[in-house]
Amino acid sequence: MAAETGADSGGGELARSIGLFQLAMIGVGATIGTGIFFVLTEAVPTAGPAVVWSFVLAGVVAGLTAVCYAELASAVPVSGSSYSYAYATLGEVVAMGVAACLLLEYGVSSAAVAVGWSEYLNQLLGNLFGVTIPDVLSNSPEEGGIINLPAVVLVALCALLLIRGASESAAVNATMVLIKLAVLVLFIVVGATGWSTDNFADFAPFGVTGITGAAGIIFFSYIGLDAVSTAGEEVKNPRRTMPLAILIALVTVTVVYVLVALVAVAAQPAARFEGQEAGLSAILEQVTGQAWPGTLIAAGAVISIFSVTLVTIYGQTRILFAIGRDGMLPRFFSTVNPRTRTPVNNTIVVAIAVALLAGLLPINFLAEMTSIGTLVAFTVVSIGVIILRRTAPDLPRGFKVPLYPVIPILSILGCLWIIVGLRPITILVFLVWVAVVLVWYYAYGIRHSRLGEPDAQIEDRT
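Everything numeric here is computed off the predicted structure, so don't read it as measured data. (Residues numbered from 1 in each chain as written. Predicted model: local features only at pLDDT ≥ 70, side-chain atom pairs only at ≥ 80, totals over all residues. Heavy atoms only, no water.)

(A) Quick look at the environment of Ser411. Counting through the fold element by element, Ser411 comes out in helix α16 (residues 406-420). Residue class for Ser411 comes out buried when judged on its relative accessible area of 0%. (Helix = DSSP H or I, 4+ residues; strand = E, 2+ residues; numbered from the N terminus. Buried < 20%, exposed > 50% of the residue type's maximum accessible area, 1.4 Å probe, protein only.)

(B) The packing of aromatic side chains, seen in detail. Per the counting criterion, the structure on display carries nine aromatic pairs. Judged by centre distance (5.0 Å) and plane angle (70 degrees), the ring pair of Tyr441 and Tyr442 falls under edge-to-face. Since its relative accessible area comes to 3%, Tyr441 is described here as buried. Taken together, Tyr69, Tyr85 and Phe378 form an aromatic cluster joined through their ring pairs. One Lys or Arg, Arg389, reaches over the ring of Tyr404 and ends 4.2 Å from the middle of that ring. (Phe/Tyr/Trp six-rings, centres within 6.5 Å; stacked < 30°, edge-to-face > 60°. Lys NZ or Arg CZ within 6 Å of the ring centre and 35° of its normal.)

(C) Looking closely at the environment of Thr391. The topology assignment puts Thr391 in helix α15 (residues 363-391). For the pair Thr391 and Ala201, spaced 190 residues apart in sequence, the C-alpha separation works out to 52 Å.

(D) Looking closely at the pattern of salt bridges. Evaluation of the coordinates by the stated rule reveals three salt bridges. Where Arg389 meets Glu71, a salt bridge forms, and the shortest distance between an N and an O atom there is 2.9 Å. Taken together, the positions of Arg389 in helix α15 and Glu71 in helix α4 (residues 51-75) put the pair 318 residues apart, joining distant regions of the chain. You'll find Arg389 and Glu71 in the same group, each marked buried. Linking Glu71 and Arg397 is a salt bridge whose minimum nitrogen-to-oxygen distance equals 3.2 Å. Taken as a pair, Glu71 in helix α4 and Arg397 in the loop between α15 and α16 lie far apart in primary sequence, 326 residues in all. The residues Glu71 and Arg397 share a single accessibility class, namely buried. Three or more residues joined by partner-sharing salt bridges are found here, namely Glu71, Arg389 and Arg397. (Salt bridge = Lys/Arg side-chain N within 4 Å of Asp/Glu carboxyl O.)

(E) Unusual backbone geometry, seen in detail. In this model, Tyr404 is joined to Pro405 through a cis peptide bond whose omega is 0 degrees. Locating Pro405 in the fold gives a position in the loop between α15 and α16. At Arg341, a residue that is not glycine, the phi angle is positive and equals roughly 55 degrees. The topology assignment puts Arg341 in the loop between α13 (292-325) and α14 (344-360).

(F) Layout of α13. For α13, spanning 34 residues, the distance from its first C-alpha to its last is 50 Å, which sits close to the expected 50 Å at 1.5 Å a residue. The element α13 is largely enclosed, with a buried count of 30 among its 34 residues. Looking one or two places after α13, you find Gly327, whose phi comes out positive at around 90 degrees. (Expected span 1.5 Å × (residues − 1).)

(G) Structural view of the packing of α4 against helix α11 (residues 238-267). As a packed pair, α4 and α11 sit with axes 9 Å apart at the nearest point and diverge in direction by 175 degrees. It follows that α4 is roughly antiparallel to α11 by the angle criterion. Residue classes in the contact of α4 with α11 are distributed as 22 nonpolar, four polar and one charged. (Axes fitted to C-alpha atoms, helices over the stretch in contact; angles between N-to-C directions. Parallel < 35°, antiparallel > 145°, perpendicular 65-115°, else oblique. Nonpolar A, V, L, I, M, F, W, Y, C, P; charged D, E, K, R; others polar.)

(H) Structural detail: the environment of Ala261. Looking at the secondary structure, you find Ala261 in helix α11. As for Ala261 and Val52, which are separated by 209 residues in sequence, their C-alpha atoms are 5.9 Å apart. Once residues within four sequence positions are removed from consideration, Ala261 is found in contact with Ile36, Leu40, Val52 and Phe55. (Contact = heavy atoms within 4.5 Å.)

In structure tokens form, the structure reads like this:
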């Protein structure tokens, strides 16, 4: 796999134009913006002020898994993320099950983030111009609207940028991430002036169940750590760059998440979070009694959530590219535009699917469906580390998991613990979706897989 994709020679079908800083910003950009800018309104009613521990729990589990990702990314530095890792360590059937998780998590996450972007856009328009987009055009049918039009427009803009090129997209994303971090630092500083210990009364009203349930809702935002590994074939010196970028993104994200969540809960009673749109903006307006901090936060959110949508759509297109190249999807999905060296076909398909989800479904269902896909993919990555250590102990690795095998085992147990806390309907829908993808594999993929082709035919295709 490494030889075919030019991991060590610098070659490959896709252009290798992304460096360490841009790659780390892809991880931060795909992560910060989802869990912080709007998911508090879903998580705080589930856990109460103890949502701070939900963020810590999600961060610890994500951290254990991130270390496993770092090892596999240095050993198998190709596009496709945990799909490719499962393909290399566990075989096609498991890889297609992971593909189902990834397609779910990236597609649904992109939609969920786009819905949240719509809320902050309305907040910004209201503060600046005194007008908002009518509810009928900014809400899903379940919420009384016809379509969430701003979410659809956001997805279209991201698709156009990705079609233009990966390096251009990475540069735009890095700029947006720096703006995002500056805005969140402003929230921490200004929001801390409204700190009230009274808001921590009845700290964990729903006990451990509430904390783990909220962690399950929050966990979908950690998809950014997986997004780093989708760029394996567009990164310079991937064996070194990818593990470093994953670890830098993990530390940055976890510190910012916990600080913002702590300040938000301290500045506002837990009861106010439920149903609160553009939550961080509303909190600063309450604390200061003025509109300008909320307007600034809303503007930062509009910019930064754009970057999250951009990266999650990017991640899904590269996973489809890897699956198509392996023959388990039609070659349409692995076709690269010779001028931009990007998979234009699957970018258009992904944009249409995500726009439909974002325009027609509410955010709470989207967030939880993304979490279970992320958790299952993370579990498989941790298992993959253990298997690859046994089956290919001499494989070159730019990074190795410390305290092996303790950390991979803890990562697996942590992911399973959060999965158990999700709603039964979420788990059921997820299992049905995985079954659909496996039916596709046995009906189409197994007959077209490159593993079943003669070596000469594979060489012709590569």
